[in-house]
Amino acid sequence: MDYDPQAIEERWRQRWRENGRYEADPADDAEGEDATFVTVPYPYPSGGMHIGHARTYTVPDAYARYRRQQGDNVLFPMAWHVTGTPIIGAVERLKKGEEEQLSVLQDTYNVPEEDLSDLETPMGYAEYFIEEHYKKGMKSLGLSVDWRREFTTNDERYSKFIEWQYQRLKEKGLVEKGLHPVNYCTEEEQPVTTHDLLEGEEAEFQEYTLIRFRGDSPDNGDAVFPMATLRPETVRGVTNAYVDPDATYVRATVDGETWVISEDAAEKFRLQDREVAVEAEFAGSEIVGTSVENPVTGDDVLILPAGFVDADNATGVVMSVPAHSPDDYVALQELKGRADELTAYGINPEAVRGIEPIPILTIEGYGDVPAKSAVEEYGIESSNDPALEEATNDLYNAEFHSGILNDEYGEFAGEVVEDVRDAFREHHAGDAFDTMQEFSEEVVCRCGGDVEVAYQDTWFLRYNDEEWMEKTRRAIGNLDAIPENTRGEYEHTVGWLEEWPCIRNYGLGTRLPWDDEFVIEPLSDSTLYMSYYTVAPHIQDVPVEDLDPDFFDAMFYGEDAVDDPDEQALELGEEWDYWYPVDYRFSGNDLITNHLTFYLYHHAEFFPEPKWPQGIVVMGMGLLEGQKMSSSKGHVVLPGEAISEFGADTVRFFLLNASEPWQDYDWREDAVESTHDQLRRFYNRGQELVAGEPGDRDAVTDVDRWLLSKLQTTIETATDAMERSETRTATQAAFYGFDEHLKWYRRRADLNRPGARWTLRHALETRLRLLAPFTPFLANELHEDLTGTPAEDAPWPEVDEALRAPELELQEERVQALVDDINEVADVTDTDPETIRIYAAADWKHTVFEAVREAGADVGAVMSEVMSDPDLRERGNEVNEVAQDAVEFARDYDDEELADLLDMDERGAYESAAAFLEREFDAEVEVYAEDDEDVVDPADRAGNAIPFRPAIHLE
C-alpha cells in the first residue's frame, strides 16, 4: 500500500479525539509516574495561523510526546490571549472596509465573504480565528494538547485570577502609580507595549542631551534652538547646525521659554509632560542662515540646509561636529562643494567654505581630525556610501573608550570620555543642557499610528525592586536555560528593566481591581497563567462570586493561608501542586527581554522556590523562501494548505529537522517536497518489512550485529538530544544518520537471511519509537502494523549494552574504507578489474603500531620502544616510516577505539568481506598478508601495505 498521509492522519486524529488520548489528570501514587508540565505562549488570534506559528507549537509537542514515551504523565495545554487592542483595531479596520485589512483576511487567511460579518465584534473576531485557524491547524498537526484546559484571557474567572495577582502585588508595594516614560500610540492615544508594535519591537528609550543654543526666531527675537545629542562632550566641536528647509518648524513656548523646534518635536515635548504652546509655524528654510550661539563656547554657529535631517527625530535641529563624526565630516565637504547654491538662502558661500572641523579630543590611531582619518581609511567618497555607518560606529566606540579631552575642557581635560561624560553633562545641566527621551529607532503601532515616548501618570510594576530582582536572579540561576548562552540575556534584562507600565486606557482584558478606569495590559496579565491551566477544567464549577483573593490564596498556599479556606480551593490546589512547577516553557527568543523575564519575576514572587520554572527553551524566527514572513504582505504559508499538499508528518518533520529550535529556519517548498518523498520511501519500505517474514534473532551474523550496534549509538544520540530539546540532532540521527547505515547494510548483507530479516524489523520497530514524537501519524501506523501497538504507546528505546559491538563497528569501518580505496584505484587507473588483490600489512608493521598503545602518539617514544627489538632495529628507516604512519593514524582515535583496532584480525576482516567484495565489484578477490610465502604480487604492491591501509592491486 503506497503512502497516503491524509488517510493515515485522519484515522489517528479520530482515534485521539474519541479516546481523549492527551487528556492529562493527576496519577495515583501507585502508578509512580512523574508529572511533566510543558507550555508554550498562548496565541494572540488577531489573525490566522501560519507556518511560523506551526513550528512554535510543534517543537514543544515533540518534547511532550518524548516525555510520555519516557513514562511521564505529561500536561501540554493551550489557551488564547485576547487582551489588549490589536483585535479591536483589526475589527475597526474591517468595519471601515480598509483595503489592506480585507486583503489580509480574504487573500492571506481565506476568510469567506459571508463570514466577514461574524468578525465585526472583538470576541467574534477572536473566536473565528481560534476555531477556524488555530484549533483546526493544531489538531491537523496532531498536537497532543489537553483541550479541556483551554480558556481566553477575557473569561470572567480568569479575570478574577488576574485581579488576585494585582491586589497582592499592590499590597506588597510592587505596583505603584507615578510619572513614567511609556510607548504611546498617537493614533490610539494610549500606552502600548511590545506586542502591539508593527515596527520597532527592539527599540529602546534613549535619553538625549539637549544643547540649548540661542538665537533669533524668524518672527519674534530671542529663542532657544535645542539640539539633541548622545555625545554632549562634543559641544565644543560644533561648527554649524542643520535643518530640513522643507519641513515645518514652530516657535513655541515650552515650560515658559521660547523654543524653535520642528512641529513633530513640539508634540513630543507635550507628551513628555512639558507645557507646550505653539505660537507660530514656518518652513525650515526661514531658519536657514540664522546664527545661534553655542552655550558652552559662546561661538556663533550657522544653521545650514540639509535634506538628510529628519524633522520627526528629536528636535529637528541638528548640530554638526565634523571633527568627530564621519557623517558630519562628509556632509560638510559635500555642502562646501555646492556652497554657491546657498546664496538662495542669503548665505555667503565663502562663510560655508570657511567652516573647518574643531577637534576636541585626541585618540591614538587617528589624526588631528579623527573623522577625516576614518573617512579616508574606509575610502568613503559620498554620504551614500554604506561604509559610512561602520566608520561612524567604529570611531564613536573608539572615542568613547579611549578619547582624551583637550585642554579647553578645564577640570575634565586629560580625561577619557567614558569616565567623565556623565559628570560633564551634570556640570552643564540646567543652563546649557536639558534632556528629552527618544526611541533608538522608528516605532509604529499595529494600528498604523506613530509611537512616541510619553510621560504618563500610570500604574507600573516595580521590576527594579532590589528584593524582587534578587529572587528573580536566583530563579535565573536555577533555570535550565536552553541554549545556555541565553542565561546572560535574562540577567541583562533584569539589570536594565527598571519599571514597567502595566495598564491601558482601554482594550480587552481585566480591569485594574482598585481603579477600573484602566485595563491590565497584555504582557502584564500573562505572567502566571501557566498555573491557571492546572485548574481550568474544574474552576468552571466554582461560582464567579466565590473567586475572591482568599480563594486563590487558599488554592496556592494551603489551608493555613486564610482564616476560612474554601474546600473547592483546597481541592484545586492539590491539582496545581501535582503539576507544578512548569518543567519547560518553549518561547520565542525575542520574548526574553519582556514576557519570559516577567514570567520569572512573577513566579519568583508568588510561589516558593520548588515551584519556580525549571527550564526555558527559546526558539528562532522563521523565513519563507529566504524572506521574513509577513501576514500584511501575504508572504505566509498556511498550515492547512501545507498539510493538504504534503501531510502533517511532512510539515512536522521539516519544521523539527530544519534547524535546532533556537536557530532560525527557512521554509522552502522544494525542501518540504523532498522531505515528503523521503517519508514516503520510508513508509513504503516499512510496509514491505511488515509484510515479510519475521526472521530469526538467533541467526544474526557479524554484519547484523554491526547494524544493531549502530542502532544503539542512534538511540543514545537521539535520547541525549531530546533531553536538550535538540530536535534536529535527534531527527538527523534517527532518520538520516541511520539511513546511511542501512544503505551500507543493504549493500553488505544478504537480506533474505533470517538473521537479516529479524535485524531489519527490529531496527524499524526501534526507529519508529524514536520517530514517534516527530512523525506520530506515520510512526503509530507502521508500529501498530508491525507490533499491534502504536509507537506512542511503546516506551522510548533504551540502549542495550549487550548489542554494543565497537570492535565490529571499527572492523566494518575498515571494510568501508577498503571499498572506497578500491574505487579510487579503479578510477585513477581506469580499470574494470577481474581480479582484486588485497595485501594486509606484515606482522612486523603491526608490532610498530602496537608500540603506540604503550608509548602514545609520539614518534620518538614509539621508536625508542620498537628499537629494543633486534629484528626491527635491522630495518632502520623502514621502521621509522611506519612509526610515523602509526602516530598519524593513532591521533584519529581515542584510547579505547585504538585498543579495539589493534586487537582486530585485520586480514581476517578482509577475508570475511571477500564474498561481499566479489559481489560489489563483480571480480575475483584474493586476500594476502604482504609477508605470506605464497603471496601473489605481480605488480610488487604488497610492500606498500601498512596496518589498516592495505595495498591494492587491480587486474
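Quick summary incoming for the structure in this document. Keep in mind that this is a model prediction, so the values were computed, not measured.

Turning to its location among the elements, N294 is positioned in the loop between β12 (291–293) and β13 (300–305). Using a relative accessible area of 1% as the deciding quantity, one classes N294 as buried. Within the structure, N294 has its side chain in polar contact with the backbone nitrogen of V296 (distance 2.9 Å). Only 3.3 Å separates the side chain of N294 from the backbone nitrogen of T297, close enough to count as a polar contact. Those residues in contact with N294 that sit more than four places away from it in its chain are F213, V235, V238, D299 and V301.

Mapped onto the elements of the fold, N154 is located in the loop between α5 (122–141) and α6 (156–171). For the pair N154 and M123, spaced 31 residues apart in sequence, the C-alpha separation works out to 8.8 Å. Ignoring any residue separated from it by four or fewer positions in sequence, one finds N154 in contact with V82, M123, L508 and G509. Within the structure, N154 has its side chain in polar contact with the backbone nitrogen of G509 (distance 3.3 Å).

Core analysis: the biggest nonpolar cluster contains 121 residues, and I51, M138 and W667 have the highest contact counts within it. Listed in part, the 66 residues of the second largest apolar core include A79, Y158, F551 and Y580.

Pairing between the strands of a sheet comes from backbone hydrogen bonds, and it takes one of two forms, parallel or antiparallel. Strand order in the open sheet formed by three strands is β28-β27-β29, and the pairing between neighbours is mixed. Each edge of the open sheet is held by one strand with a lone partner, namely β28 (627–628) and β29 (665–667). By the bridge criterion, three bridges tie strand β27 (residues 622–624) to β29 in an arrangement that is parallel. For G622, the partnering residue across the bridge sits in β29 and is Y665.

On to unusual backbone geometry. Trans is the common state for peptide bonds, and a negative phi is the common state for residues other than glycine. Note that the residue after I482, namely P483, is joined by a cis bond; omega there is -5°. Within the secondary structure, P483 sits in the loop between β20 (480–482) and α14 (487–496). Each neighbour pair has its own omega, and for Y580 with P581 the value is 10°, a cis peptide bond. Mapped onto the fold, P581 is located in the loop between α18 (567–579) and β25 (584–588). Its identity is not glycine, yet N110 carries a phi of approximately 55°, on the positive side. Taking relative accessible area as the criterion, N110 reaches 40% and is therefore assigned partly exposed. Although it is not a glycine, D830 sits at a positive phi angle of roughly 55°. Within the element layout of this structure, D830 appears in the loop between α27 (806–829) and β30 (835–840).

Turning next to α18. With 13 residues, α18 extends 19 Å from end C-alpha to end C-alpha; this agrees with the ideal 18 Å at 1.5 Å per step. Buried within α18 are the following residues: A569, L570, L572, G573, E575, W576 and W579. Its buried side turned inward, α18 meets β1 (35–39), β2 (73–75), α15 (529–533), α16 (536–539) and α17 (549–557). Capping the start of α18, D566 holds a side-chain oxygen 2.7 Å from the backbone nitrogen of Q568, two or three residues further along.

Each value, and the rule that gives it
Residue indices follow the written sequence of each chain, beginning from 1 at its first position. Given that the model is predicted, a residue must reach a pLDDT of at least 70 before its local features are reported, and side-chain atom pairs must reach 80 or more before they are shown or counted; all residues, however, enter totals for whole chains, interfaces and linings. As a rule here, side-chain values cover all heavy atoms of the structure and leave hydrogens and water aside. In DSSP terms, a helix is any run of H or I states spanning at least four residues, a strand is any run of E spanning at least two, and both are numbered starting from the N terminus. When accessible area is computed with a 1.4 Å probe and restricted to protein chains, residues below 20% of their type maximum are described as buried, those above 50% as exposed, and intermediate ones as partly exposed. Within 3.5 Å is the distance limit for a polar contact, defined as a pair of N or O atoms, with the added protein rule that one can donate a hydrogen and the other accept it, and that residues adjacent in sequence qualify only through two side-chain atoms. Only heavy atoms matter for contacts: two residues are in contact if any of them lie within 4.5 Å across the pair. Here, the term nonpolar core denotes a set of buried Ala, Val, Leu, Ile, Met, Phe, Trp, Tyr and Cys residues that are joined through side-chain atoms within 4.5 Å. We call two strands paired when DSSP finds no fewer than two bridges between them. One less than the residue count of a helix, multiplied by 1.5 Å, gives the span that helix is expected to have.

No statement about biological role is implied by the geometric values presented.
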